[in-house]
Amino acid sequence: MTIKIPFVDLKLQHQPIQTQLQQVLQVVLEQGDFILGQALSDFEAAFAAASGTEYGVGVASGTDAIALGLQACNIGTGDEVILPANTFIATLIGVLRAGAKPVLVDCDPQTALIDLEAAIKSITPQTKAIIPVHLYGQMVSTRQLLDFADTYKVLVFEDAAQAHLAEREGFHAGSLGIAAAFSFYPSKNLGAFGDGGMLLTRDSDVAQKMRRLRNYGASQKYFHTESGTNSRLDTLQAAVLHQKLPYLPQWNRDRLTIAQQYDMELASLANSGIIPIQNQSGTGHVYHLYVIKVDDTCPTERQQLQEKLTAAGIQTGIHYPIPCHLQPAFTSLGYQQGDFPQAEKLSKQILSLPMYPGLSSSQIKEVVTAIADVVSTGSRLDPSAAVVGSIAA
Ligand SMILES: *Cc1c(COP(=O)(O)O)cnc(C)c1O
């Protein structure tokens, strides 16, 4: 199958700045400070400043930023942490690795973001923190989050792995609560040449503890004040990320423009059950992903639509096909099918369309036309067609 329109295209992003990227790699190569080098502290400061906060601590992955970050905030054994059921599994793994008890809640079916009303109902005397996941690049309402945190005295620890430089109601992703975790996985809005992550915070104690935790718990060389681990963002990766950082605002604007065109062109398919996930944060949405719902009124099932798009050379994704509480690894948490109906329903309806800076206007048209073609020939709502189909098979 030839791919006409890929789901992401990183080459497109790197080609125009390839020479600069090679140069910064060369500088690190000559300097030789591969671990905790100059380019790392430079990038930590730059990314924290760009996100409207104080300190950055680079680690090996977004998952480590969550797990170690919670520990750095003294969130762990005996504490409950509220998080959405419909997130990437790393959010849940981070909570478990920190030793805290994850408390999953459902989501808003329009935005796919955590349902704060449901979160209120899940509060107990043990609730220490909430992890809003700024899913698909849209921040959870900062006003509502801060109200929530203030009223119920819980900490806000952001999972901003999909939301570099996103904004809402005057706040940048990463500047809202006690700390925030970012991922620099290559396909994230700001991506490294491999794995990477960062914790942002304006609390110097949290930052200092995080620096120890990522470096074997050492407060100085060979003097260990706690049991940490080895999780540092490579100097080489930091150099690449710092070089890419100035382009990020434009890349995010490109994503927004692409999303706006998708919105416009898909509007005519609303009656056919193709409903984009809602943007309630205006131009602050950074569209890590552009996600549609294929709802029950659509003549085509989600799987059928995805298969036919693939056959037409258009790559899509599903983020995510199984909510956290139904993953086989986590049955011991005691959740069941039916516990989070909105998250479960979304997992069956959502489809992520191609989204990356450089995706052209004509390519967007092609994707939407292909969707319209499939939907117009769909047969889910025609029972006679289904019967004929099954007899023929
Ligand atoms: C990517 C991602 C992570 C994990 O980041 P890694 O760098 O892959 O470990 C965590 N949470 C969310 C929401 C993500 O999208």
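Residues numbered from 1 in each chain as written. Predicted model: local features only at pLDDT ≥ 70, side-chain atom pairs only at ≥ 80, totals over all residues. Heavy atoms only, no water.

## Topic: the sheet that holds strand 12 (residues 274-276)
And step 1. With antiparallel pairing, the 3 strands of this open sheet are ordered in space as 12-13-14. Each of the sheet's edge strands pairs with one partner strand only, and the pair in question is strand 12 and strand 14 (350-353). Pairwise comparison of adjacent strand axes, ignoring direction, gives a mean angle of 35 degrees for this sheet.
And step 2. Contacts from helix 11 (residues 302-311) reach strand 12, strand 13 (290-294) and strand 14, with the element oriented near 20 degrees to strand 14. (Pairing = 2+ DSSP bridges. Helix = DSSP H or I, 4+ residues; strand = E, 2+ residues; numbered from the N terminus. Axes fitted to C-alpha atoms, helices over the stretch in contact; angles between N-to-C directions. Contact = heavy atoms within 4.5 Å.)

## A closer look at the nonpolar core
And step 1. If you look at the biggest cluster of nonpolar residues, it comprises 114 residues, and the most contacted ones within it are Phe43, Ile130, Phe184, Tyr262, Leu266, Ile274 and Ile371.
And step 2. Looking at this core, the element that brings in the most residues is helix 13 (residues 361-376), giving 7 residues.
And step 3. Two domains each put at least three residues into this core: domain 1 (11-245) and domain 2 (248-378).
And step 4. For Ile371, the residues in contact, after removing those within four places along its chain, are Leu266, Leu269, Ile274, Ile292, Leu305, Leu309 and Leu353. (Core = buried A, V, L, I, M, F, W, Y, C linked by side-chain atoms within 4.5 Å. Buried < 20%, exposed > 50% of the residue type's maximum accessible area, 1.4 Å probe, protein only. Domains from an automatic or database assignment.)

## Regarding the domain arrangement of the protein
And step 1. Examined at the domain level, the protein breaks down into domain 1 (11-245) and domain 2 (248-378).
And step 2. Listed as interface residues are 39 residues of domain 1 and, on the opposing side, 36 residues of domain 2.
And step 3. For the pair domain 1 and domain 2, the interface holds 0 salt bridges.
And step 4. In this structure, the connection of domain 1 to domain 2 is made through 22 residue pairs in polar contact (both at pLDDT 80 or more).
And step 5. Elements that contribute at least two residues to the side of domain 1 that touches domain 2 include exactly helix 1 (10-14), helix 5 (89-97), strand 3 (101-105) and strand 6 (167-168). (Salt bridge = Lys/Arg side-chain N within 4 Å of Asp/Glu carboxyl O. Polar contact = N/O pair within 3.5 Å; in protein donor to acceptor, adjacent residues only side chain to side chain.)

## A word on unusual backbone geometry
And step 1. Cis geometry marks the peptide bond from His319 to Tyr320, where omega comes out at 15 degrees.
And step 2. Along the chain, Tyr320 turns up in the loop between helix 11 and helix 12 (341-349).
And step 3. Look at Glu169: it is not a glycine, yet its phi comes out positive at around 50 degrees.
And step 4. Position of Glu169 relative to the elements: it lies in the loop between strand 6 and strand 7 (171-172).

## Description of the site of the ligand
And step 1. Taken together, the neighbourhood of the ligand is formed by 16 residues, with Gly62, Thr63, Gln162, Ser183 and Lys188 sitting nearest.
And step 2. Gln162 places a polar side-chain atom, nitrogen or oxygen, 2.8 Å from an oxygen atom of the ligand.
And step 3. One of the side-chain nitrogen or oxygen atoms of Lys188 is found 3.1 Å away from an oxygen atom of the ligand.
And step 4. When the free accessible area of the ligand is taken as 380 Å², the share hidden by the protein chains comes to 92%.
And step 5. Sorting the residues of the shell around the ligand by element identifies helix 4 (62-72) and helix 5 as the ones contributing at least two each.
And step 6. Of the residues forming the shell around the ligand, the biggest block, 3 residues, is contributed by helix 4. (Near = heavy atom within 4 Å. Areas by Shrake-Rupley, 256 points an atom, 1.4 Å probe, with all protein chains shown as cover.)

## Points about the environment of Ser122
And step 1. Considering the arrangement of structural elements, one finds Ser122 in the loop between helix 6 (116-121) and strand 4 (127-130).
And step 2. Once the C-alpha coordinates of Ser122 and Lys188 are considered, the two residues, 66 residues apart in sequence, prove to be 31 Å apart.
And step 3. Among the polar contacts made by the side chain of Ser122, one reaches the main-chain carbonyl oxygen of Ala118 at a distance of 3.0 Å.

## Some details on the pairing of strand 8 (residues 179-183)
And step 1. Most of strand 8 is tucked away, with 5 of its 5 residues classed as buried.
And step 2. What you see with strand 8 is no split at all: Ala179, Ala181 and Ser183 on one side and Ala180 and Phe182 on the other are buried throughout.
And step 3. Sheet topology note: the strand 5 (residues 155-159)/strand 8 ladder contains 3 bridges and is parallel. Bridge pairing links Glu158 to Ala180 in strand 8.

## Concerning the sheet that holds strand 4
And step 1. Taken in spatial order, the 7 strands line up as 1-9-8-5-4-2-3 in an open sheet, and their pairing is mixed. Looking at strand neighbours, the two that pair on one side only are strand 1 (55-59) and strand 3, the edges of this open sheet. Ignoring which end each strand starts from, the neighbouring axes of this sheet average 25 degrees apart.
And step 2. Two strands pair when backbone bridges link them, and strand 2 (residues 80-84) and strand 4 are joined in this way by 3 bridges, in the parallel orientation. From the neighbouring strand, Ile82 faces strand 4, where its bridge partner is Ile130.
And step 3. Packed onto the sheet, helix 3 (residues 38-50) meets strand 1, strand 8 and strand 9 (197-201) and runs at close to 130 degrees relative to strand 1.

## Observations regarding the UniProt feature "active site" (unreviewed entry) in the protein
And step 1. Within this numbering scheme, the UniProt entry marks Lys188 as carrying the feature "active site" (unreviewed entry).
And step 2. Inspection of the secondary structure assignment puts Lys188 in the loop between strand 8 and strand 9.
And step 3. In contact with Lys188, not counting residues within four places along its chain, are Ala161, His164, Ser183, Arg255 and His288. (UniProt positions renumbered as here; feature names shortened; annotations may be inferred.)

## Side note on the packing of helix 2 (residues 18-31) against helix 9 (residues 235-244)
And step 1. Interaxial distance between helix 2 and helix 9 falls to 9 Å at its minimum, and their mutual angle equals 145 degrees. The chirality of how helix 2 crosses helix 9 is right-handed. Side by side, helix 2 and helix 9 meet where Gln20, Leu21, Val24, Leu25 and Val28 of the first sit next to Thr235, Leu236, Ala239, Val240, Gln243 and Lys244 of the second.
And step 2. Per-class residue counts for the contact of helix 2 with helix 9 are 7 nonpolar, 3 polar and 1 charged. (Left-handed = near helix turned anticlockwise from the far one by under 90°. Nonpolar A, V, L, I, M, F, W, Y, C, P; charged D, E, K, R; others polar.)

## Focus on the state of the cysteines
And step 1. Counted according to the given criterion, the structure contains 0 disulfides.
And step 2. In this structure Cys324 is not part of a disulfide, and its nearest cysteine sulfur, from Cys107, lies 11 Å away. (Disulfide = S-S within 2.5 Å.)

## Describing the UniProt feature "modified residue: N6-(pyridoxal phosphate)lysine" (unreviewed entry) in the protein
And step 1. The sites that carry the UniProt feature "modified residue: N6-(pyridoxal phosphate)lysine" (unreviewed entry) are, in the present numbering, Lys188.
And step 2. On the accessibility criterion, Lys188 (13% relative accessible area) is buried.

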